[in-house]
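Observations on chain architecture
Chain by chain, the residues:
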Amino acid sequence: SDARIAEIAQKCFKEVTYHVRRSTDLMIRLGDGSEESHRRMQDAIDALWMYTGELFTADALDQAMQADGIAPDLAELQQ
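Now for a look at the structure at hand.

Analysis parameters
- Residues numbered from 1 in each chain as written.
- Predicted model: local features only at pLDDT ≥ 70, side-chain atom pairs only at ≥ 80, totals over all residues.
- Heavy atoms only, no water.
- Helix = DSSP H or I, 4+ residues; strand = E, 2+ residues; numbered from the N terminus.
- Rg over C-alpha atoms; globule rule 2.2 N^0.38 Å.
- Expected span 1.5 Å × (residues − 1).
- Polar contact = N/O pair within 3.5 Å; in protein donor to acceptor, adjacent residues only side chain to side chain.
- Buried < 20%, exposed > 50% of the residue type's maximum accessible area, 1.4 Å probe, protein only.
- Salt bridge = Lys/Arg side-chain N within 4 Å of Asp/Glu carboxyl O.

**Observations concerning the overall build of the protein chain**
Scanning the protein chain for helices and strands turns up four helices and zero strands. The linear arrangement of helices and strands in the protein chain, starting from the amino end, is α-α-α-α. The C-alpha atoms of the protein chain give 17 Å as radius of gyration, which overshoots the globular expectation for 79 residues (12 Å, by more than 25%). In terms of overall dimensions, the protein chain has a C-alpha envelope of 50 × 25 × 15 Å along the principal axes.

**Quick notes on helix α1 (residues 3–31)**
The end-to-end C-alpha distance of α1 is 41 Å, a good match for the 42 Å that 29 residues give at a rise of 1.5 Å each. Between the side-chain oxygen at the start of α1 and the backbone nitrogen of Arg-4 there is a gap of 3.0 Å, and the oxygen is on Asp-2.

**Let's talk about the environment of Ala-9**
In this fold, Ala-9 is placed in helix α1. We classify Ala-9 as partly exposed; its relative accessible area is 42%. Along the sequence, Ala-9 and Asp-32 sit 23 residues apart, while their C-alpha atoms lie 34 Å from each other.

**What to know about the pattern of salt bridges**
Across all of its chains, the model carries five salt bridges by this definition. Of the charged contacts in the structure, one is a salt bridge between Arg-29 and Asp-25, with a shortest N-O distance of 2.8 Å. Here Arg-29 and its partner Asp-25 are both found in helix α1, four residues apart, which amounts to about one turn of the helix. A salt bridge links Arg-39 to Asp-43; its shortest N-O distance comes to 2.9 Å.

What follows is the structure, encoded as structure tokens:
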């Protein structure tokens, strides 16, 4: 609902979209590459996967920002 925050979010969305595309391409190339690159990529994912749940655990600040219409509901993002 805040115009300045909306402008910043719009710019951030473009940046994030770029990085998602770039990262996706690299993940696919490494995963589909040699046996060594595939193993390393899988090892990295296995090592970091346990931390992904934290991305969707809302604290008081997340809840306040959601209530004010500044941030999304993290439970919806997780789906």
